[in-house]
There are 2 protein chains.
Amino acid sequence: VHNFVHMCRWVALRCLVALSILSVIECSNQVHGPCEVEFWPHPKDIVNGTEVIPISFNSLRIEYISSNVSPQEQTKVNKVVDQFTSTQFFHHRKIATTFPPFTLYIHLGPGFDYGAPTLQTNETYKLFVGLSNNATIDTASISGLIYGLETFSQLILYNNQTEIPGWCDEVSFDGYFIPQAPWIVEDTPRFRWRGLMLDTSRHYLNIDVLEQTVLALAHTKMNVLHLHLTDAQSFPVEFQPPLDVMAKKGSYTYNQRYSAEMLKELQQFAELWGVRIIPEFDSPGHVYSWAYAFPEILVCKDFQPDWAQYCNEPPCGQLNPTLNQTYDVVHGIMAQAGNLFQDEFIHLGYDEVNFNCWNSSEEILRFMDENQMNSQQLLQYYFTNQLKGLPEGKTPVFWEEVFDEGLDIPNDSVIQVWNTLTEFTNVLENSQNPVLLSNNDAWYLDCGMGNFVGRQPSWCDYNSWQNVYLNEPFEMVPHPVPQDYIDRTYGGEVAMWGEMVDATNVLHEAWPRAAAAGERLWSPASFSNPIEALPRILKHRQRLVDRGIPATPIQPLWCNYNPSHCNPTHPPIDVMSHR
Amino acid sequence: VHNFVHMCRWVALRCLVALSILSVIECSNQVHGPCEVEFWPHPKDIVNGTEVIPISFNSLRIEYISSNVSPQEQTKVNKVVDQFTSTQFFHHRKIATTFPPFTLYIHLGPGFDYGAPTLQTNETYKLFVGLSNNATIDTASISGLIYGLETFSQLILYNNQTEIPGWCDEVSFDGYFIPQAPWIVEDTPRFRWRGLMLDTSRHYLNIDVLEQTVLALAHTKMNVLHLHLTDAQSFPVEFQPPLDVMAKKGSYTYNQRYSAEMLKELQQFAELWGVRIIPEFDSPGHVYSWAYAFPEILVCKDFQPDWAQYCNEPPCGQLNPTLNQTYDVVHGIMAQAGNLFQDEFIHLGYDEVNFNCWNSSEEILRFMDENQMNSQQLLQYYFTNQLKGLPEGKTPVFWEEVFDEGLDIPNDSVIQVWNTLTEFTNVLENSQNPVLLSNNDAWYLDCGMGNFVGRQPSWCDYNSWQNVYLNEPFEMVPHPVPQDYIDRTYGGEVAMWGEMVDATNVLHEAWPRAAAAGERLWSPASFSNPIEALPRILKHRQRLVDRGIPATPIQPLWCNYNPSHCNPTHPPIDVMSHR
């Protein structure tokens, strides 16, 4: 009965509000300023009004409209809700206000998905804020609940009229409030894989920084943290024997390693924020750090000083695909990684394999000669043998080179494109596999900060937030976009490679630019005008800072207070496509 | 007698050590690694040996060899020394070691300059570290003492053999030590003005961040923090009436202002680290924030949307030079600034004056017509009238436009060049004034991070640390460099404009790149090879991080541990001049 009443209320209010709003306002979201709601990412559908509703830490009550929730499930829901009520809704909690009680109803219906987020999770939610101090979140999963709460948090603004006269002139009291009520938000993501890749090998990133990244992702409704865990420079993942030597010898120092316990803690933290952790163990290139434990399975190890012929950055080194021991190690890594990480997907690398490196080995040349293989066939040989060790239930992700080199890959495996949008379109049109977009000309966040091996400029240009924002996956495919392309485009990831970032600056460099990709991947494609988006991302950046994420400013603060006064003189330059 | 003994010891030891070293080692500084001394900036002259001297927090004793030191003077010296012994020498103080006592002798001779740093301060110092657990700093000023202590701190390394086997194989114990002893360092700066400019108007920078900047400057032997205090966006400096309205109305919020007390605290802090604070009050352009208090003295106020015709970035606005009230305000600012800041120099701006802005005012056009003035003459009129209010004893600094526009400026006033090195050379050769180098194509640290008003790239390219480092002031003048050019080149400043940085990231973006300019300005011109400099700046960056400055990494950590393995494949590209 409770559920039925609730549903009737939802439907009735929706109609009522829509009617009243249509008659009162024309386009409330054209108004910008410190006292306006600015969503990021923009929800799919919103309808809203003009009323101000006071709300405070003491006045907020949570009520669950639920059926058949187990104690464990309720505990998990409580944890998720507490995360928001304790730190995300009210940043200046100390201010005591005596407002009328405000009730947030949370609907936990039959079939609600209490599990960890997966690619299949239904992330849809509805949020309704009425005029009589109540709100309702209606959703089918923990992820949907998190996103409903996040959107609710973005409705809550703060006024301090006493100390800052003129701040919110339309609000007559100090404290928190929801403006422009009532609200109806119906929201669902455009793509289901919305990620950020961090590199923990060039520099170690401690668990605190990874958890702060998870928070920033969740506040932006992004759901994947892809960890490029190992590379040539260091091997920070602690494994069980006989692979324990890999971190013992290949990590930078004893306190720059991830233990199984730390990885478990990280994944539990991420699960409560709806974020999946995707581990990457890159091979057969980018493996020099494996040589500290197993020097015999590598060739072209740290060739100097003419490294550029054998790899894309020092130190060089590539697995020797002709040795059985190589597969003992690779299969051992995959098996242990399968246990350490709960997500269905495991990234196996395959970027930038260098055939000169293999050709530098007499042993490999002899093997190729004896087996009448060319370099591509040797790569396929390595691939086929590595995949024999894929743990059951796991689906692999690869960098785009598996497509470029024409490898025979499993149908369900995912191809992540890191070159250009042209290349992405090519892979989409000419493969049958699921794809992820991470083109460096828009979504590499480490570009433009110089070149670590010399004084040439960075090999790729700095991607401003506008460039990140304008990166439309289907820009180059025929329209209407074929349903098959839509189905196979899981989404994308911005990538922050680690040569020039460590714990001191990785959050600063990644945010708020990663959030620009977050909206591209969440909101309808029609959200594509950076001038429209500007006041919203300015406020989102401030929100991230208020929540402890040291996101970089993108305009002088004056522009936050004077929306539209910091636009280009010639707007058309900015609204057009970036290609 | 004490002094005499000390001097004899100095001379005798110097000869002894030089002899012993010459016979033992060839070129000890070619060795790099975690257990090697890496100076930044490199001292003028060093001689050293091969011995390891243990040292610890408990074993260090300070002894003064002094004459006629007043109690106040001794107090100041103690404060300076304590700053180093308490936080800069030993970062892991907790480790208790029972080493033999180590005595650091500090020589405070007759004529020692205990005053605040000025352009005339003698910054020379000598540091001697013997083989019998003693060291001596010999210098003539507080600044010299600070630099001697800084160099001494750079000699002190740390070994933790127990936890990190193989870290310093040549050191047989855990704890702090000075390697490669004995040491003789004789050091003096090449230029006397070694600065960083920060912008506190586009974003407010709190005193904590400014003090951390002072620390980073001092550790790099830089001595000027130039504060671009006001600009179009905000006016954060609190003045006495009748100018108190300027910050009350023109600052962002009540807690984004500098009170007189805060500025005093900052200057006292900076004085103890040998850093001069140079204030800038930019006019007649870049003054929109003045309009909140005095709207009547500005023209072309926030012209929109075609702002680009009237100023270089929004909001536009320029002082009306035809009004008496303009000079009341400008003279009031200079008078109060003269009291708030103790340094001899005051920066008065004059960059990017836009004649279209003035021409947009009927009143100004009429004034020019009546007085038969062109725009340049109107600028000279403003200049002449402004300078009538220069406080006694103050020397002005101007941006290069005063030269470009052919203004008649005082002989001792300083011209700061922000365009190219070509422009700097032109000003050096064709003016008689002292000059400062801040060319944007090498020393603007904010370049390359996008354009805040649109999605075009930044108007200037990112300057990597190598580009900053290779910026040689005299590269384009005839050699040998005329003595007059050397005398008039006070030095230079790297500039970090504030559109895209605030307290969250200004330290990250400025360091360690600002330090690359620090060595250019301190060390002999022969230090000009970024490949030679690389292991040194890597360790300096780590030193800054250890001391609480979140400097950005410039290479994967692997490169710190494997010096010379991250060099370009083709070294000649990097050692050549950058033009």
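In this text, all values refer to a predicted model and were calculated from it rather than measured experimentally.

> Which residues make up the overall build of chain A, and what values go with them?
Scanning chain A for helices and strands turns up 20 helices and 17 strands. Here chain A, with 579 residues, has 64% of them falling under the buried criterion. Within chain A, residue pairs in contact and separated by at least 24 positions form 75% of the contacts whose partners lie at least 6 positions apart. Element-wise, carbon and sulfur atoms account for 53% of the exposed surface of chain A, whose accessible area totals about 20700 Å². Charged side chains of chain A number 33 positive and 66 negative; the gap between the two group centres comes to 6 Å.

> I'd like a rundown of the interface of chain B and chain A, residues and numbers included.
With 63 residues of chain B at the interface, the matching set in chain A holds 64 residues. Interface area for chain B against chain A, summed over the two sides, is near 5000 Å², with a carbon-plus-sulfur share of 55%. Applying the counting rule to chain B against chain A returns two salt bridges. The partner of A:D502 in a salt bridge is B:R541, and the shortest N-O contact between them spans 2.9 Å. Taken together, the connections running from chain B to chain A amount to 29 residue pairs in polar contact (both at pLDDT 80 or more). Elements supplying a minimum of two residues to the side of chain B that touches chain A: α14 (465-469), α16 (506-510), α18 (530-546), α19 (557-561) and α20 (571-575) of chain B. In terms of residue count, α19(B) provides more of the side of chain B that touches chain A than any other element does, four residues in total. Considered class by class, the residues forming the side of chain B that touches chain A number 30 nonpolar, 23 polar and 10 charged.

> Break down the packing of helix α4 (residues 207-219) of chain B against helix α6 (residues 260-271) of chain B for me, citing the residues and quoting the values.
Residue and element names in this part refer to chain B. Where α4 meets α6, the axes come as close as 10 Å, and the angle between the chain directions of the two elements is 15 degrees. On the basis of their axis angle, the class for α4 and α6 is roughly parallel. Like other packed secondary-structure pairs, α4 and α6 cross with a definite hand, here right-handed. The residues of α6 that touch α4, namely those facing I207, L210, E211, V214 and L215, are M262, E265, L266, F269 and A270. Here the contact of α4 with α6 is built from residues that sort into eight nonpolar, no polar and two charged.

> Residue-level account of the relation of the copies chain B and chain A, with values.
Laying chain B over chain A is done by rotating through 180 degrees and shifting 0.0 Å along the axis; what remains is an RMSD of 0.0 Å. Here the two chains are linked by the operation of a two-fold rotation axis. Looking at the rotation axis and the C-alpha trace of chain B, the residue lying nearest is B:G448, at 3.5 Å. In this assembly the copies share their binding face: 100% of the residues contributing to the interface of chain B also contribute to that of chain A.

> Summarise the state of the cysteines; cite the residues concerned and give the values.
As used here, a disulfide is simply a covalent bond connecting the sulfur atoms of two cysteines. One pass over the full model with this rule turns up eight disulfides over all chains. Through a disulfide, A:C300 is tied to A:C357; the S-S separation comes to 2.1 Å. In this structure the cystine formed by A:C300 and A:C357 twists about its S-S bond by roughly -100 degrees; its chirality is therefore left-handed. Remark: A:C357 occurs in helix α8 (residues 355-359) and A:C300 occurs in the loop between β11 (298-299) and β12 (318-319); sequence separation between them is 57 residues. Of the residues examined, A:C357 reaches a relative accessible area of 0% and is grouped as buried. Between the sulfur atoms of B:C311 and its disulfide partner B:C316 the distance amounts to 2.1 Å. Here B:C311 and B:C316 share a disulfide; its torsion about the S-S bond, -75 degrees, makes the bridge left-handed. Accessibility assignment for this pair places B:C311 and B:C316 in one class, buried.

> With reference to specific residues and values, describe the sheet that holds strand β13 (residues 345-349) of chain A.
Residues and elements named next belong to chain A. The strand order around the closed barrel built from eight strands is β8-β9-β10-β13-β14-β15-β16-β17, with neighbouring strands paired in parallel fashion. On average, each strand axis in the sheet is tilted by 30 degrees relative to the strand beside it, whichever way the strands run. Each of β15 (414-417), β16 (435-437) and β17 (489-496) touches helix α12 (residues 421-430); the most contacted strand, β16, lies at about 170 degrees to it. Against the sheet, helix α17 (residues 513-522) makes contact with β8 (193-199) and β17, and its axis sits at roughly 175 degrees relative to β17, the strand it touches most.

> Pulling in residues and values, what's your account of the pattern of salt bridges?
Throughout the structure, instances matching the rule amount to 34 salt bridges over all chains. Here A:K76 ties to A:E271 by a salt bridge, and the two come within 2.4 Å at their closest N and O atoms. Placement of the pair is A:K76 in helix α2 (residues 71-88) and A:E271 in helix α6 (residues 260-271), with a sequence separation of 195 residues. Neither A:K76 nor A:E271 differs from the other in exposure class; each is buried. With a closest N to O distance of 3.6 Å, B:R520 and B:E472 form a salt bridge. Here B:R520 is found in helix α17 (residues 513-522), whereas its partner B:E472 is found in the loop between α14 and α15 (483-488), with 48 residues between them in sequence. In this pair, the class of B:R520 matches that of B:E472, namely buried. Through salt bridges with shared partners, a single ionic network connects A:D199, A:R202, A:D231, A:E313 and A:E499.

> So what about helix α2 (residues 71-88) of chain B? Which residues, and what values?
Residues and elements named next belong to chain B. The end-to-end C-alpha distance of α2 is 25 Å, a good match for the 26 Å that 18 residues give at a rise of 1.5 Å each. If you check which residues of α2 are buried, you get Q74, K76, V77, V80, V81, Q83, F84, T85 and Q88. Those residues of α2 that are buried lie in contact with β2 (60-66), β3 (102-113), α3 (142-155), α4 and α6.

> Which residues make up the UniProt feature "domain: Glycoside hydrolase family 20 catalytic" (unreviewed entry) in chain A, and what values do they have?
Residues given the UniProt feature "domain: Glycoside hydrolase family 20 catalytic" (unreviewed entry) here are residues 191-524 of chain A. A distance of 10 Å separates the end C-alpha atoms of residues 191-524 of chain A, which is 36% helix and 15% strand.

> Can you lay out the confidence of the model for chain A for me, pointing to particular residues and giving the numbers?
Residue and element names in this part refer to chain A. When pLDDT is averaged along chain A, the result is 91, and 91% of the positions lie at 70 or above. In the model, residues 1-11 has pLDDT below 50 throughout and makes 12 contacts with residues more than four positions away in sequence or in other chains. Counted against residues more than four places away or in other chains, residues 17-31, with its pLDDT under 50, gives 20 contacts. Overall fold confidence (pTM) sits at 0.93, and the ipTM for the predicted complex is 0.91.

> Break down the sheet that holds strand β16 (residues 435-437) of chain B for me, with residues and values.
All names here are of chain B. Taken together, the eight strands give a closed barrel; going around it, the order is β8-β9-β10-β13-β14-β15-β16-β17, and neighbouring strands pair in parallel fashion. Going across the sheet, the axis of each strand differs from the next one's by a mean of 30 degrees, ignoring polarity. As paired strands, strand β14 (residues 395-399) and strand β15 (residues 414-417) are joined by three bridges and run parallel to one another. Note that in β15 the partner of V397 across the bridge is V414. In the packing of α4 onto the sheet, contacts are made with β8 (193-199) and β9 (224-230), and the angle to β9 comes to roughly 150 degrees. Contacting β15, β16 and β17 (489-496), helix α12 (residues 421-430) runs over the sheet at an angle of about 170 degrees to β16.

> Describe unusual backbone geometry, naming the residues involved and giving the relevant values.
For the bond from B:S283 to B:P284, the omega torsion is 0 degrees, close enough to zero to count as cis. On the secondary structure map, B:P284 appears in the loop between β10 (276-283) and β11 (298-299). Residue B:P480 is bonded to the preceding B:H479 through a cis peptide linkage, with omega at -5 degrees. Within the fold, B:P480 resides in the loop between α14 and α15. In this structure, A:S564 is a non-glycine residue whose phi angle is positive, near 75 degrees. By the secondary structure assignment, A:S564 is in the loop between α19 (557-561) and α20 (571-575). The backbone phi angle of B:C300 is positive, close to 50 degrees, even though this residue is not glycine. On the basis of relative accessibility, which here comes to 3%, the residue B:C300 falls in the buried class.

> Help me get a handle on the domain arrangement of chain A, residues and values and all.
Residue and element names in this part refer to chain A. The domain boundaries assigned to chain A delineate domain 1 (2-190) and domain 2 (193-522). With centres defined by C-alpha atoms, the gap from domain 1 to domain 2 works out at 37 Å. Together domain 1 and domain 2 conceal approximately 2400 Å² of surface at their shared face, both sides included; 57% is due to carbon and sulfur atoms. The largest per-residue losses of area from domain 1 upon contact with domain 2 belong to W40, L119 and R190, which jointly make up 30% of the total buried on that side. Close ionic contact of E472 with R190 constitutes a salt bridge, the shortest N to O distance being 2.8 Å. The interface formed by domain 1 and domain 2 contains 14 residue pairs in polar contact (both at pLDDT 80 or more). The set of elements that each furnish at least two residues to the side of domain 1 that touches domain 2 consists of α2 and α3 (142-155).

> Got a sec to walk through the environment of B:D404? Specific residues and values, please.
Residues and elements named next belong to chain B. With respect to the secondary-structure elements, D404 resides in helix α11 (residues 401-404). Note on D404: relative accessible area 39%, which makes it partly exposed. Between the C-alpha atoms of D404 and E423, which are 19 residues apart in sequence, the distance is 9.5 Å.

Definitions and limits used
- What you see as residue numbers is a count from 1 along each chain, following the sequence as written.
- Throughout, the order in which chains and ligands are written sets their labels, letters from A for the former and numbers from 1 for the latter.
- Per-residue local features are limited, in this predicted model, to residues with pLDDT of at least 70; the limit for side-chain atom pairs, both in listing and counting, is 80 or more; totals at the level of whole chains, interfaces and linings are taken over all residues.
- The side-chain numbers reported here are obtained from all heavy atoms of the structure, hydrogens and water having been left aside.
- Secondary structure counts use DSSP, requiring at least four H or I residues in a row for a helix and at least two E residues in a row for a strand, with both numbered from the N terminus.
- Burial classes: relative accessible area under 20% of the type maximum marks a residue as buried, over 50% as exposed, and values in between as partly exposed (1.4 Å probe, protein chains only).
- Contact criterion: two residues are considered in contact whenever any of their non-hydrogen atoms come within 4.5 Å of each other.
- The method behind every accessible area is Shrake-Rupley, applied with a 1.4 Å probe, and residues are considered shielded solely by the protein chains displayed.
- His is not counted here, nor are the chain ends, while Lys and Arg score as positive and Asp and Glu score as negative.
- Every charge is mapped to an atom, namely NZ of Lys, CZ of Arg, CG of Asp or CD of Glu.
- As a working definition, buried area equals the accessible area (1.4 Å probe) given up by two parts on being put together, with both sides summed.
- A pair is scored as a salt bridge if a Lys or Arg side-chain nitrogen falls within 4 Å of a carboxyl oxygen belonging to Asp or Glu.
- In protein, a polar contact means a hydrogen-donor-capable atom and an acceptor-capable atom, both N or O and within 3.5 Å, with residues adjacent in sequence counting only if both atoms are side-chain atoms; elsewhere, any N or O pair within 3.5 Å suffices.
- Charged means Asp, Glu, Lys or Arg here, nonpolar means Ala, Val, Leu, Ile, Met, Phe, Trp, Tyr, Cys or Pro, and polar covers whatever is left, Gly included.
- Angles here are taken between N-to-C directions and fall from 0 to 180 degrees, while the axes themselves are lines fitted to C-alpha atoms, restricted in helices to the stretch in contact.
- An angle counts as roughly parallel when it lies under 35 degrees, as roughly antiparallel when it exceeds 145, as roughly perpendicular when it falls between 65 and 115, and as oblique in every other case.
- Two helices cross in a left-handed way if the nearer one is turned anticlockwise from the farther one by less than a right angle. They cross in a right-handed way if the turn is clockwise.
- The least-squares superposition of copies is restricted to C-alpha atoms, and to residues with a pLDDT of at least 70 in both copies.
- Cysteine sulfur atoms that pair up within 2.5 Å are treated as a disulfide.
- For two strands to be treated as a pair, DSSP must find no fewer than two bridges joining them.
- Here a helix's expected span is defined as the number of its residues, less one, multiplied by 1.5 Å.
- UniProt positions are given in the numbering used here, feature names are shortened, and annotations may be inferred rather than shown by experiment.
- What pLDDT reports is the predictor's confidence in each residue, on a scale of 0 through 100.
- Residue ranges for the domains originate in an automatic or database domain assignment.

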